[in-house]
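# Structural characterization, general
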Amino acid sequence: GSREGFWGSLTPPVRRFSVAGDSLTVAGVDYGDQGRFRCRAWTPLDAAEAEAELRVVGRPGPVRDLQVLELGERRVRLSWTPGEEHNSPVE
């Protein structure tokens, strides 16, 4: 039988993949690697294919343009521009 892994429409370097039993692991992923992933396996008798969406999640990036709008005795009002979400939005 054979197995193929495709990243979008490109085949990535083989060292990023490891296959153990029925599991396919993609190593060293980064935010630029996000997208659809398709895996295909076949034998002379049958074939199977599965797709998944790879989403890399990380901590949000630092805020920008932090400003103190009001400063009171027991409170403060701030304003900022959010950093990159990295698929982990601050709510």
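Residues numbered from 1 in each chain as written. Predicted model: local features only at pLDDT ≥ 70, side-chain atom pairs only at ≥ 80, totals over all residues. Heavy atoms only, no water.

An unreviewed UniProt entry annotates the protein as NGCA protein of Toxostoma redivivum.

### Description of unusual backbone geometry
Defined as follows: In this text, helices come from DSSP runs of H or I with a minimum length of four residues, and strands from runs of E with a minimum of two, each type numbered from the N-terminal end. When accessible area is computed with a 1.4 Å probe and restricted to protein chains, residues below 20% of their type maximum are described as buried, those above 50% as exposed, and intermediate ones as partly exposed.
A positive phi angle is found at His86, which is not glycine, with a value near 55°. Turning to its location among the elements, His86 is positioned in the segment after strand S7 (76–81). Non-glycine residue Asn87 carries a positive phi angle of around 60°. Tracing the backbone through its elements, the reader meets Asn87 in the segment after S7. Residue classification places Asn87 among the partly exposed residues on the basis of a relative accessible area of 30%.

### Describing the pairing of S7
Spelled out, the test is: Strand pairing is defined by DSSP finding a minimum of two bridges between the two strands.
Pairing of strand S6 (residues 64–71) with S7, which is carried by five bridges, proceeds in the antiparallel orientation. Bridging from a neighbouring strand, Leu71 pairs with Val76 of S7. Hairpin connection, S6 to S7: the antiparallel pair is bridged by four residues.

### Remarks on the pattern of salt bridges
For clarity, the cut-off: When a carboxyl oxygen of Asp or Glu is within 4 Å of a side-chain nitrogen of Lys or Arg, the pair counts as a salt bridge.
Throughout the structure, instances matching the rule amount to six salt bridges. We note a salt bridge from Arg36 to Glu51, for which the minimum N-O separation is 3.1 Å. Taken together, the residues span a long stretch of sequence, with Arg36 in strand S4 (residues 35–42) and Glu51 in strand S5 (residues 47–54) at a distance of 15 residues. A relative accessible area of 43% means that Arg36 is categorised as partly exposed. Residue classification places Glu51 among the partly exposed positions, given a relative accessible area of 47%. Of the charged contacts in the structure, one is a salt bridge between Glu53 and Arg36, with a shortest N-O distance of 3.4 Å. Placement of the pair is Glu53 in strand S5 and Arg36 in strand S4, with a sequence separation of 17 residues. For Glu53, a relative accessible area of 53% corresponds to the exposed category. It is possible to trace a salt-bridge network through shared partners that takes in Arg36, Glu51 and Glu53.

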